[in-house]
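Listed here are the chains, written in short residue letters.
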Amino acid sequence: MCRAWVMQFLDRTLAPDCKWNVHNWTLAGGFGAGQPIKLGLYIASPEIKEHKMILEMLNPMHYNLTSMVPEVMPVATLPILLLTGFLFFVWNHEETSSIPGPGYCMGIGPLISHLRFLWMGLGSACNYYNKMYGEFVRVWISGEETLVISKSSSTFHIMKHDHYSSRFGSIFGLQYMGMHENGVIFNNNPAVWKAVRPFFVKALSGPSLALMVTVCVESINSHLDRLDEVTNALGHVNVLTLMRRTMLDASNTLFLRIPLDEKNIVLKIQGYFDAWQALLIKPNIFFKISWLSRKHQKSIKELRDAVGILAEEKRHRIFTAEKLEDHVDFATDLILAEKRGELTKENVNQCILEMMIAAPDTLSVTVFFMLCLIAQHPKVEEALMKEIQTVLGERDLKNDDMQKLKVMENFINESMRYQPVVDIVMRKALEDDVIDGYPVKKGTNIILNIGRMHKLEFFPKPNEFTLENFEKNVPYRYFQPFGFGPRSCAGKFIAMVMMKVMLVSVLRRFHVKTLQGNCLENMQKTNDLALHPDESRSLLAMIFTPRNSEKCLEH
């Protein structure tokens with residue numbers, strides 16, 4: 001009877017699709033002596049693949065169980081087994097979820113889940129879990145339930161609703177970065193975020209959008225004229241540095257207008273971004289041990305101090321200007337709001353910092369990836385050059401030309417789909433909801449795996465780079481490189497303008513080529529908060545051959 005009750009009791013602790021590897025155990029002496037008890041400790045189920053190694057340690061095949069239990073305590077054996085089974089049942093019962101994913105397993109699941117994100121990086125871990133368990137997965141980060149989603153219908157639902165407009169991340173990490181309840185990128189206070197976002201929307205649309213064409217053309221041409229500054233002795237161009245300096249110059253000209261040291265600030269931006277990735281989901285204990293985060297604190301402080309000095313210079317110019325209208329821009333609007341008591345000084349400085357790092361951070365890498373794809377696909381380069389010649393001829397690029405560059409726009413979209421830089425979006429549920437039949441509790445963290453979604457649905461050749469994927473109109477629910485809805489990227493329109501200007505300007509003057517046949521697919525990359533090339537590798541440089549040279553004519 002007891003044996004049957006134990007089996008029935010333990011069966012309840014399993015999910016319906018679990019299977020037990022049953023072994024025969026025999027009690028030695030006392031009540032039930034010599035009677036076999038069947039008990040399985042190795043669970044062959046997808047839900048506990050994360051814990052296979054740990055559970056195997058408990059597999060009786062590895063041990064002689066009867067030799068481990070002293071014969072002087074036979075009566076205590078059964079109660080201990082029953083108590084263990086009861087606790088296992090309670091823990092499993094409390095953490096049972098209808099959403100696929102690794103099992104809770106007495107708290108081991110959340111620990112392994114978080115460690116995987118820290119070890120692999122956010123983007124890589126999301127791809128791992130979606131591949132392992134499906135397109136709607138439950139995991140844990142910092143002990144908090146987190147959903148990893150790469151399904152278009154679920155993504156569409158989350159992006160369009162206001163109750164998913166908050167972000168998540170380590171509060172300590174965001175405080176270090178200056179982002180906790182400040183700025184717009186990772187501001188996790190919806191009320192403060194809504195107060196700040198209009199300043200970004202105004203600066204990144206309307207007149208600024210039209211002016212960006214002129215500003216970008218002047219900036220990229222100026223930097224291409226000084227290409228030797230980013231070219232080594234072998235004639236190899238550091239494209240990432242070229243793009244970062246150009247993007248920073250254009251952003252400063254449009255949004256701040258204070259002289260700065262491009263080279264110095266670009267290096268500080270790289271350090272800040274590295275720290276951002278490193279600290280975003282670190283456990284709280286990491287921040288209690290000062291020496292662990294000292295390097296990242298230093299990188300963060302360097303950029304924040306540099307931007308603070310620029311912001312102070314901007315304040316001085318505004319308040320001593322004879323005509324304020326000569327200084328009106330994004331930074332001026334923020335500083336005037338600070339003077340009216342609408343924003344704090346800390347928030348204003350963070351907003352300026354985020355506006356200055358956005359393009360040099362992700363957009364520069366995006367354009368680098370695009371140039372690599374152009375070098376790999378001569379027919380694509382030919383189609384782009386043909387359109388450039390047809391639309392522009394020999395004249396300079398103008399704002400009216402943007403809508404006419406259809407092949408260029410399709411190329412940009414396909415590049416962002418095939419090789420995204422920002423391929424995950426992090427959100428938090430602000431109220432209970434149901435998504436595609438799955439219950440989502442208030443406070444649940446959500447990661448939208450946009451990069452994977454773009455290769456699963458709709459596109460005729462999802463795993464290939466081809467302009468055929470954008471020959472027909474793509475419904476926006478299937479293609480979201482900038483997101484949509486209340487928390488979509490405020491700079492999505494100006495980003496498209498900047499990419500078109502950069503690509504047209506470079507391609508008109510140079511034929512681009514990667515080193516030693518290096519291609520995007522075999523390039524070493526890290527996929528964490530964003531997907532970046534491994535910049536410790538020397539093969540990231542490219543060769544720029546002037547279009548009117550004999551070498552270029554040979555191609």
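In what follows, the structure referred to is the one given above.
Nothing here was measured: the structure is a model prediction, and the numbers come from that model. Throughout, residues of each chain are indexed from 1 in the direction in which the sequence is written. Residues qualify for local features only when their pLDDT is at least 70, as the model is predicted, and side-chain atom pairs are given and counted only at 80 or more; totals for whole chains, interfaces and linings, by contrast, use all residues. Side-chain numbers come from the whole structure's heavy atoms, not from hydrogens or water.

**Topic: the layout of surface pockets**
To be explicit about the condition: Residues are called lining when one of their atoms sits within 4 Å of a cavity or pocket point, these points coming from a 1 Å grid over the protein atoms alone, where a cavity is a set in which a 1.4 Å probe fits but cannot get out and a pocket is an open set with protein on both sides within 12 Å along at least five of seven lines. Grid points are joined across faces, edges and corners, and a volume is the space filled by probe spheres set on the points. Strands are runs of DSSP state E lasting at least 2 residues, helices are runs of H or I lasting at least 4, and numbering of each runs from the N terminus.
In this structure, the second largest pocket encloses a volume near 740 Å³. If you go around the second largest pocket, you meet 26 residues; those closest to its centre are Glu409, Asn413, Lys492, Phe493 and Met496. Of all the secondary-structure elements, those providing two or more residues to the lining of the second largest pocket are helix 10 (207-225), helix 18 (406-418) and helix 20 (492-509). The leading source of residues in the lining of the second largest pocket is helix 20, at 5 residues.

**Notes on the pattern of salt bridges**
Stated precisely, the cut-off is as follows: Take a side-chain nitrogen of Lys or Arg and a carboxyl oxygen of Asp or Glu: if they are within 4 Å of each other, that pair is a salt bridge. Throughout this description, buried means an accessible area under 20% of the type-specific maximum (1.4 Å probe, protein chains only), exposed means over 50%, and partly exposed covers the range between.
Summed over the entire model, instances satisfying the criterion amount to 24 salt bridges. Between Lys194 and Asp162 there is a salt bridge; the shortest N-O distance is 3.2 Å. Placement of Lys194 in helix 9 (residues 190-203) and of Asp162 in the loop between helix 7 (152-160) and helix 8 (171-177) is noted, with a sequence separation of 32 residues between them. Residue Lys194 is classed as partly exposed on the basis of its relative accessible area, which comes to 42%. Asp162 gets classed as partly exposed once you look at its relative accessible area, which sits at 37%. Notably, a salt bridge pairs Lys314 with Asp329, separated by 2.7 Å at the nearest N-O pair. You can see Lys314 sitting in helix 14 (residues 290-320) and its partner Asp329 sitting in the loop between helix 14 and helix 15 (330-339), a full 15 residues away along the chain. For the pair shown, Lys314 and Asp329 are each scored as buried. Linked by salt bridges that have partners in common, Glu312, Arg315, Glu338 and Lys345 make up one network.

**Concerning helix 9**
What counts is decided by this rule: An expected span of 1.5 Å times one less than the residue number is assigned to each helix. Two axes define the bend at a residue: one fitted to the seven residues ending there, one fitted to the seven starting there, and the bend is the angle between them. Residues are treated as being in contact if the distance between any of their heavy atoms lies within 4.5 Å. Under the rule applied, a polar contact is a pair of N or O atoms within 3.5 Å (in protein, one hydrogen donor and one hydrogen acceptor; residues adjacent in sequence only if both atoms are side-chain atoms).
The end-to-end C-alpha separation of helix 9 is 20 Å, in line with the 20 Å expected for 14 residues at 1.5 Å each. Considering bend angle alone, the principal kink of helix 9 is centred on Val196 and spans about 30°; proline Pro198 follows within four residues of it. Every buried residue of helix 9 is accounted for by Trp193, Val196, Arg197, Phe199, Phe200 and Ala203. Contacts from the buried residues of helix 9 go to helix 10, helix 11 (239-255), helix 15 and helix 16 (345-376). Of the residues that open helix 9, the one with a side-chain oxygen 3.1 Å from the backbone nitrogen of Ala191 is Asn189.

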